[in-house]
Structure formats: C-alpha cells, structure tokens
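Notes for the structure review
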Amino acid sequence: MDTEAQIATVKQLIDAIGFEDCGTCPASDLAVRADVRDMCASGKCRMYGHSWACPPAIGGIEKYQKLIDQRRTCFVVQTVRKLEDEFDGETMMSAEREQKARILKLYRRLVAAGIDTLVLAAGTCTLCETCSYPDAPCRHPESRLVSMEAAGLLVYQVCEAAGIPYNHGPLTIAYTSAVLL
Ligand code: SF4
C-alpha cells in the first residue's frame with residue numbers, strides 16, 4: 001500500500017470509529033518538550049514510576065522526538081462530550097474510557113491492515129486493574145500505548161497545529177490522541 005492509500009485508510013478508520021473531532025498536521029510540527037516530561041516527574045498524575053507505559057520506563061523524550069521525526073503526517077483525534085455541570089465527573093471518566101477504547105481499536109485495526117504508525121494515547125495505560133510495573137513484565141505489551149504527554153508533547157500545541165480546538169467550550173470535555181504515519 002503506498003503512502004496516499006495508507007492516509008486514505010487511516011482517515012476511513014478514524015471516521016468509522018466515530019471520533020467527534022479530527023485534525024491533521026505535518027509530523028514536523030511536533031516537538032517534544034522537557035517541561036511536559038517535568039510535569040510527569042512532578043507526580044501530578046501519580047503514574048510516574050508506576051507503569052510500563054509511563055516514564056521512566058518508556059525512556060527519554062529524545063527517543064520520542066526521533067520516532068516522530070521518522071513520520072510524515074500526524075492525525076489528531078478527539079472524543080468530546082458535553083458535561084451536565086463542572087462537577088460531572090461521571091461523564092469525564094466515561095469520555096476518557098471511550099477515548100482509550102477508541103484509540104486502541106484504531107491501533108489494532110491499523111496493525112491488522114499492515115499500516116505502521118506511531119500511536120500516542122490520552123492518559124496512562126489502564127488495561128490492567130493494577131500495573132505489574134516494576135515487579136513483573138507488562139501483561140499486554142502488544143496493546144500498551146504511551147500517552148502524548150508521556151512522550152513529551154504539549155497536547156494544546158498539537159491541537160493548535162492540527163487546526164482543532166483543545167478546549168471545545170464551557171461545559172465540555174475533550175480527550176486527545178495522535179496517530180503518526
Ligand atoms: S498493559 Fe497492564 S502491565 Fe502493561 S502497562 Fe498497561 S497496565 Fe501496566
């Protein structure tokens with residue numbers, strides 16, 4: 001399959017899965033940032049050093065810049081939901097679950113189609129109730145996805161580059177992932 005056919009297939013799969021928003025930009029627009037990785041290390045989300053899909057287990061951000069530099073196009077996909085009010089945690093959590101399920105489905109369909117991509121998810125890997133890190137190997141390495149933030153990408157900047165909103169307005173929540181071809 002040539003590159004144009006691969007791009008068309010990725011677009012079809014994104015449409016079929018039903019993401020609420022999708023944008024594209026050249027992969028060369030993406031630059032990893034040390035300050036984003038510093039946010040991981042600050043322990044804000046409490047996953048640093050607690051998952052095979054998070055730093056330090058996944059390696060330095062330089063590795064991710066090299067992986068990005070090998071790509072040509074970046075698709076940015078979102079699950080967007082309306083909130084009943086600003087405390088609507090149930091919708092926020094279900095939107096996050098939906099985005100994780102959708103991006104994993106997309107990743108698996110791309111693998112099945114023989115299309116090599118770099119997929120960066122939203123949030124840490126939650127495939128297992130408790131991550132086996134560091135006492136035992138990852139239980140599902142073939143399905144484990146690293147998040148955009150863990151790779152060192154500032155999600156707001158990537159959305160801006162791809163021409164889609166990071167924030168869809170008051171009383172909405174959006175979860176964002178990236179697929180690089
Ligand atoms: S698949 Fe399981 S063991 Fe592997 S990173 Fe995800 S949660 Fe951890």
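Residues numbered from 1 in each chain as written. Predicted model: local features only at pLDDT ≥ 70, side-chain atom pairs only at ≥ 80, totals over all residues.

1. Considering the overall build of the protein
Tallying secondary structure elements over the protein gives six helices and four strands in all. Helices (α) and strands (β) of the protein occur, in sequence order from the N terminus, as α-β-α-α-β-α-β-α-α-β. Principal-axis analysis of the C-alpha atoms gives the protein an extent of 40 × 40 × 30 Å. Split into buried and exposed, the 181 residues of the protein put 31% on the buried side. (Helix = DSSP H or I, 4+ residues; strand = E, 2+ residues; numbered from the N terminus. Buried ≥ 20, exposed ≤ 12 C-beta atoms within 10 Å, placed from the backbone.)

2. Some thoughts on the sheet that holds strand β2 (residues 73-82)
Spatial ordering of the open sheet is given by β1-β2-β4-β3, a layout of four strands whose pairing is antiparallel. Pairing within the sheet leaves two strands with one partner each, and these edge strands are β1 (21-26) and β3 (118-120). On average, each strand axis in the sheet is tilted by 20° relative to the strand beside it, whichever way the strands run. Packed on one face of the sheet, helix α4 (residues 89-112) meets β2, β3 and β4 (172-180) and runs near 15° to β4. (Pairing = 2+ DSSP bridges. Axes fitted to C-alpha atoms, helices over the stretch in contact; angles between N-to-C directions. Contact = placed C-beta atoms within 7 Å.)

3. Some words on the site of the ligand
Inspection of the region around the ligand gives 13 residues, with Trp52, Cys125, Cys128, Cys131 and Cys138 positioned closest. When its residues are assigned to classes, the shell around the ligand shows eight nonpolar, three polar and two charged. (Near = placed C-beta within 6 Å. Nonpolar A, V, L, I, M, F, W, Y, C, P; charged D, E, K, R; others polar.)

4. Examining the environment of Gly114
Residue position: Gly114 is located in the loop between α4 and β3. Note on Gly114: 9 C-beta atoms within 10 Å, which makes it exposed. Separated by 33 residues in sequence, Gly114 and Arg81 have C-alpha atoms that sit 32 Å apart.

5. Brief notes about helix α3 (residues 61-69)
When we look at burial in α3, the residues that qualify are Ile61, Tyr64 and Ile68. All buried residues of α3 project into a common sector of 55° when viewed along the axis, lining one side. Facing away from the buried side of α3 by more than 90 degrees, the exposed set consists of Glu62, Lys66 and Asp69. The elements touched by buried residues of α3 are α2 (34-41), β3, α5 (148-151) and β4. (Arc of directions from axis to C-beta.)

6. Here's the deal with the packing of helix α1 (residues 3-17) against α4
Running from amino to carboxyl end, α1 crosses α4 at an angle of 145°, the nearest separation of the two axes being 10 Å. For the pair α1 and α4, the crossing hand works out as right-handed. Contacts between α1 and α4 pair Val10, Leu13, Ile14 and Ile17 from the former with Arg102, Lys105, Leu106, Arg109 and Leu110 from the latter. Of the residues assigned to the contact of α1 with α4, the class counts are six nonpolar, no polar and three charged. (Left-handed = near helix turned anticlockwise from the far one by under 90°.)

7. Notes on the nonpolar core
In terms of nonpolar packing, the biggest core is built from 41 residues, with Val76, Leu120, Met148, Ala151, Leu153, Val158 and Ala178 touching the most fellow members. Among the elements of the structure, α3, β2, α4, β3, α5, α6 (155-162) and β4 are those that each provide at least two residues to this core. Looking at which element gives the most residues to this core, the answer is β4, with five residues. Aside from chain neighbours lying at most four places away, what touches Val76 is Cys22, Gly23, Val158, Cys159, Ala162, Ile164, Thr176 and Ala178. (Core = buried A, V, L, I, M, F, W, Y, C linked by C-beta atoms within 7 Å.)

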